[in-house]
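# Breakdown of the fold
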Amino acid sequence: MSRQVVELKNVTKNIRGKTIIDDISFDVYSGEVFGFLGPNGAGKTTTIRIIVGLMKMSSGDIVVNGKSVKADFEGAVSQVGAIVENPEMYKFMSGYKNLIHYSRMYKGISKEKIDEVVKLVGLEGRIHEKVKTYSLGMRQRLGIAQSLLHDPKVLILDEPTNGLDPAGIREIRDYIRRLAKERDMAVIVSSHLLSEMEMMCDRIGIIQRGKLKDVQLISDFVGAQSQVYKIEVSDPEQIADKMRQAFPAWEIQLVSEDLLINCKKEDIPAIIKWCVGEDVSVFGAAVAAKTLEDRFLEVTSERKGEPVNV
């Protein structure tokens, strides 16, 4: 059963009289990948820096695996593994020697533990080669291995697929999901690649101008308020205008070879019946699910059509 691993409680950050993070509260559970989204400058990285202890909050509290950042800073932060921006490695050393070097920062990390995390991220065949020979994806995996050395309960990755090619993005995505499920970890991922977040995350939180706009399951968030149905018919161009006249209350669009109709589910039988009466063949009718990008732009745009830089 999932349990709360990270709790943000009314976290606020003020810098020189300006509110950067404004009363944010959300929870992250074991075994889940939580996606943190927002336009540039919205406060994503600031929030992450506060969670990992690189920046102090002005008010509120964060509890990590039952330990309060305010009451027991060292105890709380010791439960967190993180890569903020790009993982930094000694390129003239092997991946294995890098891990040995970092393991000295913690007590009781054995050779067996290092071998375990190397296997976990799939670097067994290259771990004794110099980091300068690694691809960017391999360096990201080595960074994740470094973050896991001390058995954290929370893994935080800021833009983990930044700069990777499609194969590398898929590779990192698969490792992140595996880590969450197999090790029952809470994983927080910040990214601007919306399609990747849709495939990687269980829940999504959107922040804008320092305020948390929404937190939902990916499936609920993408499907929320969706009333657009895709109807595949013969002669869509000819039928579109006639359908607009027959059903003036509905928004009807022609996209590629499909009709997109904003209506209620209960209206679909009437549409099909009308098409049959007009001697129009109907090949299919289905919900035109919105993408994460569509919903993200809806939530973060204050005016319809307003461009949003992500």
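Nothing here was measured: the structure is a model prediction, and the numbers come from that model.

## What to know about the sheet that holds strand S1 (residues 4-15)
With antiparallel pairing, four strands are arranged side by side in an open sheet as S2-S1-S4-S5. A strand with exactly one partner marks an edge of an open sheet, and here the two such strands are strand S2 (18-29) and strand S5 (67-68). By the bridge criterion, two bridges tie strand S4 (residues 59-64) to S5 in an arrangement that is antiparallel. What sits directly across from Val64, in S5, is Lys67.

## A word on the side chain of Glu7
Summarising the element assignment, Glu7 is placed in strand S1. Nearest to the buried, unbridged Glu7 among oppositely charged side chains is Lys9, at 4.2 Å. Residues in contact with Glu7, not counting those within four places in the same chain, are Phe26, Asp27, Asp61, Ile62 and Val63.

## What about the sheet that holds strand S11 (residues 228-233)?
Sheet architecture is open: four strands sit in the order S12-S13-S11-S14, paired in antiparallel fashion. Every interior strand has two partners, whereas the edge strands, strand S12 (251-255) and strand S14 (282-287), have only one. Across this sheet, the average inter-strand angle for adjacent strands is 20°, counted without regard to direction. In the sheet, S11 pairs with S14 via five bridges, with the strands oriented antiparallel. From the neighbouring strand, Lys230 faces S14, where its bridge partner is Ala286. In this fold helix H9 (residues 236-246) packs onto S11, S12 and strand S13 (258-262), with an angle of close to 170° to the strand it touches most, S12.

## Points about the packing of aromatic side chains
The final tally for this structure, using the stated rule, is four aromatic pairs. Seen in terms of ring centroids, Phe26 and Phe36 are 5.7 Å apart; in terms of plane orientation they differ by 40°. Their pairing is tilted. Of this pair, Phe26 sits in strand S2 while Phe36 sits in strand S3 (residues 33-37); the two residues are ten residues apart in sequence, bridging distant segments of the chain. Across the pair, Phe36 and Phe26 agree in class, each one buried.

## Overview of the pattern of salt bridges
Opposite charge on two side chains permits them to pair, given that their charged atoms come into close proximity. Taken as a whole, this structure holds 14 salt bridges when the rule is applied. Residues Asp151 and Lys113 are paired through a salt bridge, measuring 2.5 Å at the closest nitrogen-oxygen approach. Placement of Asp151 in the loop between helix H5 (136-148) and strand S7 (154-158) and of Lys113 in helix H4 (residues 111-120) is noted, with a sequence separation of 38 residues between them. The exposure class assigned to Lys113 is buried, which follows from its relative accessible area of 10%. Via salt bridges that share partners, Lys113, Glu116, Asp151 and Arg183 belong to a single interconnected network.

Rules behind the numbers
The written sequence of each chain sets the order in which its residues are numbered from 1. Reporting of local features is limited, given that this is a predicted model, to residues whose pLDDT is at least 70; pairs of side-chain atoms are given and counted only at 80 or more, and all residues count toward the totals for whole chains, interfaces and linings. Remark: hydrogens and water are excluded; side-chain values derive from all non-hydrogen atoms of the structure. Pairing between strands is defined by DSSP: at least two bridges between them are needed. To qualify as a helix, a DSSP run of H or I must reach at least 4 residues; to qualify as a strand, a run of E must reach at least 2; elements of each kind are numbered from the N terminus. Between buried and exposed lies partly exposed: a residue is buried under 20% and exposed over 50% of the maximum accessible area for its type, with that area taken using a 1.4 Å probe on protein chains only. In this tally, Asp and Glu contribute negative charge and Lys and Arg positive charge; neither His nor the terminal groups of the chain are included. The salt bridge definition used is simple: a Lys or Arg side-chain nitrogen within 4 Å of an Asp or Glu carboxyl oxygen. Contacts are assigned to residue pairs that have any heavy atoms within 4.5 Å of one another. In this description, a line fitted to the C-alpha atoms serves as the axis of each element, helices being fitted only across the stretch in contact, and the angle between N-to-C directions of two axes falls anywhere from 0 to 180 degrees. Two rings belonging to Phe, Tyr or Trp (six-membered ring only in the last case) form a pair when the distance between their centres is within 6.5 Å. Interplanar angles under 30 degrees mark stacking, angles over 60 mark edge-to-face geometry, and anything in between is tilted.

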